[in-house]
Amino acid sequence: MNKLKRMLCYALIMSILLLPSVNAKAASATVVGLDAAEVEAFLDTIIGQQMDEFNIPNLTVSVVYDGEILLAKGYGYADYEAERPVDPEKSLFRIGSTAKLFTWTAIMQLVEQGKLDLDTDVNQYLDFEIPNVIEYKQGGAEAEPITIRHLMSHTPGFEDYMMEVFSLSEDSLIPLEQYVREQRPARVFAPGEVSAYSNYGVSLAGYIVEVVSGVPFAQYVEENIYQPLGMEYSTFRQPIPENLADNMSKPYRYVDGEFVEAKFEFLSEPAGSMSSSAEDMAKFMLAYLQGGQLDETSILKEETVHNMFAEQYTHHPRLDGMAHGFIKATFNDRETFHHPGGTLLYDTGLFLVPEEDVGFFISQSGGNFLVNMEIFQGFMDRYFPSEKVAAPEPAEGMETRSLEFVGEYYQNRRSFTTMDALLSLMIGVVQVEADDEGYLLVSHLGETSRFVEIEPGVYQNLRQGRSNDHGGAFSAIVFATDSLGKTMLMTDGPMSYSRASWYETSGLTFLMLLSSALFIIGSLFYWGIKALVVKIRKKNVQGVELQNGSIWAKRIAIFQGLLTLIFVGGFLAGSEPDPVYGLPAAAYTPPSTLTSLIDLIVPYAIVLVTLAVLTFAVIAWIKGNWKLAGRIHYTFFALFSAALSWIFYFWNVI
């Protein structure tokens, strides 16, 4: 139940968990040349606006162009108490999942050396075995081996756990070797079949680097990427090493009119523990834009970089997919390779536009990933605008075909076998409806967009403005069927969604959960008030109940009501989000032994008591216990208990 307490607030996790579409179009304009002073003035304006609007305490940005660092600048304070400004050269920011690009760089270095092959079973490189079977709804059916290529494209087929991703305690960290062995998620899809962003998959790749190279992952990156590029203010290590600790920018959240400092966050190394400065990240971008070279140093061969920018997986030719670790996107008609990243407090974005020889890095604390997208899109609109394209005309028969895609879709980046499955009801849900003309109305992250069919099963967003204003719009969507027989909605990047069956929709689940809890707890209070009234009036009805045995049925029902009250009370008490971290404290601090024990016992106790209540309900009708109204009430009590137990079972609470 402790995990269930956190469900509501985990819906606030966006950055590392959600990767919205980034395709965008802008009005026609003349390309403006990149002049350092002009770019700085432009970014000062747009960044200042965003920092004021979202109360962002500190931000750092770097722009590279034509083989040079065009701009590297800091905004706000890295330390408000000491009034220490952000230094673009030395101030470190947590870059979250953007760090995955370094993991993939390390992988490709080992590929160049002939120590790794992208298409070989990963078990060939591991000192433990990942079973080549599907472990969900297919009875251990044999599956193709997982390869590094699958890991790089986020298609290994693992389910994903979103709980306990972050921690504020160093004691919670476990060695990478232990993590990949003990926290391996189940395989739920055949590899290469479904895009489902996987932090574990990247951690596994990082461990492969560690095993094959013979040195710890963080050390490998330091020796083979940081040092050659002169990245002196970067590290994967947690906590920050002493020689860099004073350079770490402090994260803040604006609460009640002031910036409140947050603690250092701990997370899996290869998937996102890196801290870096804007100038260091500029060096990394320059290396990729120059065929793996910076000055006289090379971290990758030019051919390797060219291959890394090649798209290796997409669900459909009309969708931007995954390159080799980079997420492929189209900004203002320019092919862009990027990777967002975030922690609870920091949000980061790195964007490379090879055809324009431009790289853009941005990181900040206290805001959200939409800020980074807004600033980069503004940069692209200013210097690399695109032509406005006329909306396509709807195909004949669209109104009929569109109806088959209506429904609620859950992201495939989720858990299927643990209680984390409940998060699919709250995070990244896509609602698809059809209007009278057959246009699809697609709602995601609070934004609804209208789509027109351009070929069977393929729809394009009619919105001609900036498609990512609120982070929820997709530029295009494609429908197909997954291996579980569900209709699948596919879009750009490493995300896909499968349609929920009627019995697993969020509306029905929450309706059953709420109505069951209200009826059971309401009955508890009704019986308590009734008993009090009887006692006051000194009426003796107990003798009748003892004669027909109904008192035990009532006692069991009262016990069920108390269990449900404890469950709901615990959920509500633990759901208050911390104003700084945006989550309840239980989300990033380990529960007490007592809390864990209660969390384990209460759901199971509710299910066991439900069996007794159902039995007593049948007996009540056979023996005629109580009056008709009493039997009907008790029967509904039993049915609502059964509904609550079914929810616990179906969503893996028990």
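It should be noted that the structure appears before, not after, this text.
A short tour of the structure in this document, coming up. (Residues numbered from 1 in each chain as written. Predicted model: local features only at pLDDT ≥ 70, side-chain atom pairs only at ≥ 80, totals over all residues. Heavy atoms only, no water.)

### Here we look at the pattern of salt bridges
Inclusion rule: Here, a salt bridge means any side-chain nitrogen of Lys or Arg that lies within 4 Å of a carboxyl oxygen of Asp or Glu. Only DSSP runs of H or I covering at least 4 residues are called helices, and only runs of E covering at least 2 are called strands; the numbering of each starts at the N terminus. Partly exposed residues are those whose accessible area sits between 20% and 50% of the maximum for their type, while under 20% is buried and over 50% is exposed, using a 1.4 Å probe and protein chains only.
Applying the stated criterion across every chain yields a total of 20 salt bridges. Note that Asp160 is salt-bridged to Arg413, the shortest N-O span being 2.7 Å. Of this pair, Asp160 sits in the loop between helix 4 (148-152) and helix 5 (176-182) while Arg413 sits in the loop between strand 17 (407-411) and strand 18 (430-434), and the two are 253 residues apart along the sequence. Each member of the pair, Asp160 as well as Arg413, is classed as buried. Its salt-bridge partner being Glu437, residue Arg450 comes within 3.0 Å of it at the nearest N-O pair. Of this pair, Arg450 sits in strand 20 (residues 447-455) while Glu437 sits in the loop between strand 18 and strand 19 (440-444), and the two are 13 residues apart along the sequence. Among the residues examined, Arg450 registers a relative accessible area of 31% and is labelled partly exposed. Three or more residues are tied together by salt bridges with common partners; here these are Glu311, Asp320, Lys328 and Glu335.

### Observations regarding the pairing of strand 17
Which entries qualify depends on this criterion: Strands were regarded as paired on the criterion that DSSP finds at least two bridges between them.
Of all five residues in strand 17, four are buried; the element is thus mostly enclosed. When strand 17 meets strand 18, the two strands line up antiparallel, connected through three bridges. Following the sheet pairing, Gly407 is matched in strand 18 by Val432. Here strand 17 runs beside strand 24 (residues 496-499); their pairing, made up of three bridges, is antiparallel. Residue pairing for strand 24: Tyr410 is matched across the bridge by Ser498.

### Observations concerning the sheet that holds strand 15 (residues 346-353)
The line we're drawing: It only takes one pair of heavy atoms within 4.5 Å for two residues to be counted as in contact. A fitted line through C-alpha atoms represents every axis, and for helices the fit uses only the stretch in contact; the resulting angles, taken between N-to-C directions, go from 0 to 180 degrees.
Taking strand neighbours across the sheet as the criterion, the seven strands line up as 3-2-1-16-15-14-13 in an open arrangement whose pairing is antiparallel. Of all the strands in the sheet, the pair left with one neighbour each is strand 3 (84-85) and strand 13 (327-331). Two strands pair when backbone bridges link them, and strand 1 (residues 58-65) and strand 2 (residues 68-79) are joined in this way by eight bridges, in the antiparallel orientation. Its bridge partner being in strand 2, Leu59 is matched across the sheet by Tyr75. Seen against the sheet, helix 2 (residues 36-54) touches strand 1, strand 2 and strand 16 (358-365) and runs at an angle of roughly 30 degrees to strand 2. Most of the contacts of helix 10 (residues 278-289) go to strand 1, to which it runs at about 25 degrees, and overall it touches strand 1, strand 2, strand 15 and strand 16.

### Some details on a nonpolar patch on the surface
Stated precisely, the cut-off is as follows: Candidate patch residues must exceed 30% relative accessible area and have no salt bridge, after which like charges are joined if within 9 Å and Val, Leu, Ile, Met, Phe, Trp or Tyr side chains if within 5 Å. Under the convention used here, a 1.4 Å probe and the Shrake-Rupley method define accessible areas, while residue burial counts only the protein chains that appear.
Taken together, the side chains of Leu608, Leu611, Leu614, Trp621, Leu628, Ile632, Phe636 and Leu639 make up a nonpolar region of the molecular surface, amounting to roughly 770 Å² of accessible area. For the nonpolar patch, the secondary-structure elements that each account for two or more residues are helix 17 (593-623) and helix 18 (628-650). Position of Leu639 among the secondary structure elements: in helix 18.

### Observations concerning the side chain of Arg253
Under the convention used in this document: Between N or O atoms, a polar contact is any pair within 3.5 Å; within protein, one atom must be a potential hydrogen donor and the other a potential acceptor, and residues adjacent in sequence are included only when both atoms are from side chains.
Along the polypeptide, Arg253 turns up in strand 8 (residues 252-255). A polar atom in the side chain of Arg253 sits 2.9 Å from the backbone oxygen of Leu344. If we skip the residues at most four places from it in the chain, Arg253 touches Glu258, Phe259, Val260, Leu344, Leu345, Gly366, Gly367, Pro579 and Val580.

### Here we look at helix 18
Formally: By this rule the span expected of a helix is its residue count minus one, scaled by 1.5 Å.
In this model helix 18 runs 33 Å from its N-terminal to its C-terminal C-alpha over 23 residues, within 8% of the 33 Å that 1.5 Å per residue would give. Every buried residue of helix 18 is listed here: Arg631, Tyr634, Phe637, Ala638, Ser641, Ala643, Leu644, Ser645, Ile647 and Phe648. Among the structural elements, helix 14 (506-537), helix 16 (550-573) and helix 17 are those in contact with the buried residues of helix 18. Asn652 sits one or two residues past helix 18 and shows a positive phi near 65 degrees.

### What about the packing of aromatic side chains?
Convention followed: Two rings from Phe, Tyr or Trp (for Trp, the six-membered ring) form a pair when their centres are within 6.5 Å of each other. A pair whose planes differ by under 30 degrees is stacked, one over 60 is edge-to-face, and the rest are tilted.
Taken as a whole and judged by the stated rule, the model has 45 aromatic pairs. The interplanar angle of 75 degrees and the centroid separation of 6.5 Å between the aromatic rings of Phe102 and Phe236 together place this pair among those described as edge-to-face. Note that Phe102 is positioned in helix 3 (residues 100-112) and Phe236 in the loop between strand 7 (234-235) and helix 8 (242-245), a separation of 134 residues in sequence. Overall, Phe236 belongs to the buried group, its relative accessible area being 1%. Judged by centre distance (5.5 Å) and plane angle (65 degrees), the rings of Phe309 and Phe326 are edge-to-face. Placement of the pair is Phe309 in the loop between helix 11 (302-308) and strand 13 and Phe326 in the loop between helix 11 and strand 13, with a sequence separation of 17 residues. With respect to class, Phe309 is no different from Phe326; both count as buried.

### Topic: the pairing of strand 20
Looking at chain direction, strand 19 and strand 20 are connected through five bridges and run antiparallel. Across the sheet, Ser443 pairs through a bridge with Thr448, a residue of strand 20. Following strand 19, the chain reverses through two residues before pairing antiparallel with strand 20; Leu445 in that reversal takes a positive phi of roughly 55 degrees. Bridge count between strand 20 and strand 21 (residues 458-461): four bridges; the pairing is antiparallel.

### Section: the environment of Val432
Following the sequence through the fold, Val432 ends up in strand 18. When the C-alpha positions of Val432 and Ile601 are compared, they lie 39 Å apart, and in sequence the two are 169 residues distant. For Val432, the contacting residues outside a window of four places in its chain are Phe405, Val406, Gly407, Tyr409, Leu440, Leu441, Val442 and Leu489.

### A few points about the sheet that holds strand 19
Within the closed barrel, the eight strands sit side by side as 17-18-19-20-21-22-23-24. Their pairing is antiparallel. Here the strands of the sheet are splayed against their neighbours by 30 degrees on average, with no regard to which way each runs. For strand 21 and strand 22 (residues 476-481), the ladder comprises three bridges, and the chain directions are antiparallel. Paired with Val458 across the strands is Val478, a residue of strand 22.

### Observations regarding helix 3
The terminal C-alpha atoms of helix 3, which comprises 13 residues, lie 19 Å apart, in line with the 18 Å expected from a rise of 1.5 Å per residue. Burial analysis of helix 3 places 11 of its 13 residues in the buried class, the great majority of the element. Within helix 3, the full set of buried residues consists of Lys100, Leu101, Phe102, Thr103, Trp104, Thr105, Ala106, Ile107, Met108, Gln109 and Leu110. Looking one or two residues past helix 3, Gly114 carries a phi angle of roughly 80 degrees, positive in sign.

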